[in-house]
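So the chains spell out like this:
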Amino acid sequence: MTPDHNAARHSAANLSVTGHEHGASGKFVEAVDLSLSFGSTPALRGASLGVAKGEIVAVMGPSGSGKSTLLHCLAGILVPSSGEVHFNGMRLDRLSDDKRSALRRDRFGFVFQSGQLVPELTAEENVALPLLLSGTRRGPAVAAARTWFPTLGLDGLESRRSGELSGGQAQRVALARGLVAEPEVLFADEPTGSLDSVSGELVMDLLVSAVREQGTTVVLVTHDARVAAYADREVVVRDGTVGTLTGAKP
Amino acid sequence: MSVPLTLLGLLERGPSHGYDLKRDYDAYFGQGRPLRYSQVYATLSRLARDGKAVAGPVEQGAGPERRRYIITDEGVADVEKWLAEPAPPEPDLQSELFAKVVLALMLGKHADNYLDVQRAAHLQRMRELTEFKRQGGTLDVLLADHALYRLEADLRWIDHTAARLDMIARTVQGQS
């Protein structure tokens, strides 16, 4: 990580409330009894989930069960109408929009179903984007981005734009973008959903290797059991509530 | 899987001792269930008796007596026929999963609890196989993928069944 990058990351440190590494429950990321409706349609009905630091948890469930909504609440993209969201000892749901944005920018990483790369930017600029948005100067940001290309089997593709990449390549670029700022938590929503099984496995293999090396905590939403099998454990969301498959506390 | 035909197939690569056949069988197909030497030699004797292979003369050496086995034309034909035949698709109509769901519903018990426990067991096995794949070579990946796809098919059945438990319960309890 570059000095610029470090300084930018620490600009978000004033968001910490307790200074402790974990919340009161000992979980690094935690949802407690979340409820949220879209209009008259309830998406979450008392959903709770705790994730330990460095853990990879797969959130499974049928379409429309609320699993993506839960991820969005944990990541501070959505604010629940009731319940609590904790990250590293702070009440994330009580933060202002600006502070939640800063948190997402500086301490969280994201990978979605289709890479959502910026088409006007090259692959390396796309990867560098989180660093640039955090205040890292262009030179160090692009240099840091380039280091990911050999790791993810993307050597030689640095200058390509998203339209010149295959689906699997674009998703690996998106993965690099999600991890380049060494986030504390990576939120991945169906990261292989648009890929064939071989490309999907490659992305998951690289994702798991990278996050294990960085010690990143991962919340992985998937409907695919083969993807969930890369996680340390899985929970199932049904009708807006979270259950485990074994009766243990989620 | 047919052990005699698999050994015969390995023998088609070239004349071989029982020791080498066992080593290769265990490496490629054993997966934690190695053949016993007695099983290898008994199988080779039967293959020789049935004209699928011939045993060479006893080779004297520092170790125990050894014979080299050679596949016959009849043996080659058997291997060729076996490789061209489809393996029987396993219908699984005597599935334990199915029996437990139906019995639980007949007895008015919570089949969904059983399906959750079974889903967890399947996912745990899928995690183990995925880790095996990540640590293994090309053939390990091929083998683990076969098991993973079968487990995935079971999981789909579990989810499909879980979504229809009320309807199935009415059927097995004699209601329409």
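The following paragraphs examine the structure supplied in this document.

Parameters at a glance
Residues numbered from 1 in each chain as written. Chains lettered and ligands numbered in written order. Predicted model: local features only at pLDDT ≥ 70, side-chain atom pairs only at ≥ 80, totals over all residues. Helix = DSSP H or I, 4+ residues; strand = E, 2+ residues; numbered from the N terminus. Buried ≥ 20, exposed ≤ 12 C-beta atoms within 10 Å, placed from the backbone. Contact = placed C-beta atoms within 7 Å. Pairing = 2+ DSSP bridges. Nonpolar A, V, L, I, M, F, W, Y, C, P; charged D, E, K, R; others polar. Axes fitted to C-alpha atoms, helices over the stretch in contact; angles between N-to-C directions.

Counting secondary structure elements, chain A contains nine helices and ten strands. Within chain A, the fraction of its 250 residues that count as buried is 51%. Look at the contacts in chain A between residues 6 or more apart in sequence, and 73% of them connect residues 24 or more apart.

This paragraph deals with the overall build of chain B. Tallying secondary structure elements over chain B gives eight helices and three strands in all. Written out in order from the N terminus, the α and β elements of chain B read α-β-α-α-β-β-α-α-α-α-α. By its C-alpha atoms, chain B is 75 × 35 × 25 Å across when sized along the principal axes. Contacts spanning at least 24 positions in sequence make up 49% of the contacts within chain B whose residues lie at least 6 apart.

Another aspect to go through is the sheet that holds strand E1 (residues 16-17) of chain B. Residue and element names in this part refer to chain B. In spatial order, the strands read E1-E3-E2; together these three strands make up an open sheet with antiparallel pairing. Two strands close off the open sheet at either side, each with one partner strand: E1 and strand E2 (53-55). Sheet topology places E2 next to strand E3 (residues 68-71); three bridges connect them, and they run antiparallel. Bridge pairing in E3 links Val-54 to Ile-70.

With eleven residues of chain B in contact, the opposing surface of chain A contributes nine residues. Contributions of two or more residues to the side of chain B that touches chain A are made by helix H6 (111-135) and helix H7 (138-162) of chain B. Broken down by class, the residue content of the side of chain B that touches chain A amounts to five nonpolar, one polar and five charged.

On to the sheet that holds strand E4 (residues 82-87) of chain A, then. All names here are of chain A. Read from one edge of the open sheet, four strands run E2-E1-E4-E5, paired in antiparallel fashion. Edge positions in the sheet fall to strand E2 (41-51) and strand E5 (90-91), since each has one partner strand and no second. Helix H2 (residues 67-74) rests against strand E1 (29-38), E2 and E4 of the sheet, and its axis sits at about 120° to E1.

With respect to the helices and strands, Glu30(A) occurs in strand E1. C-alpha separation for the pair Glu30(A) and Arg91(A), spaced 61 residues apart in sequence, amounts to 9.6 Å.

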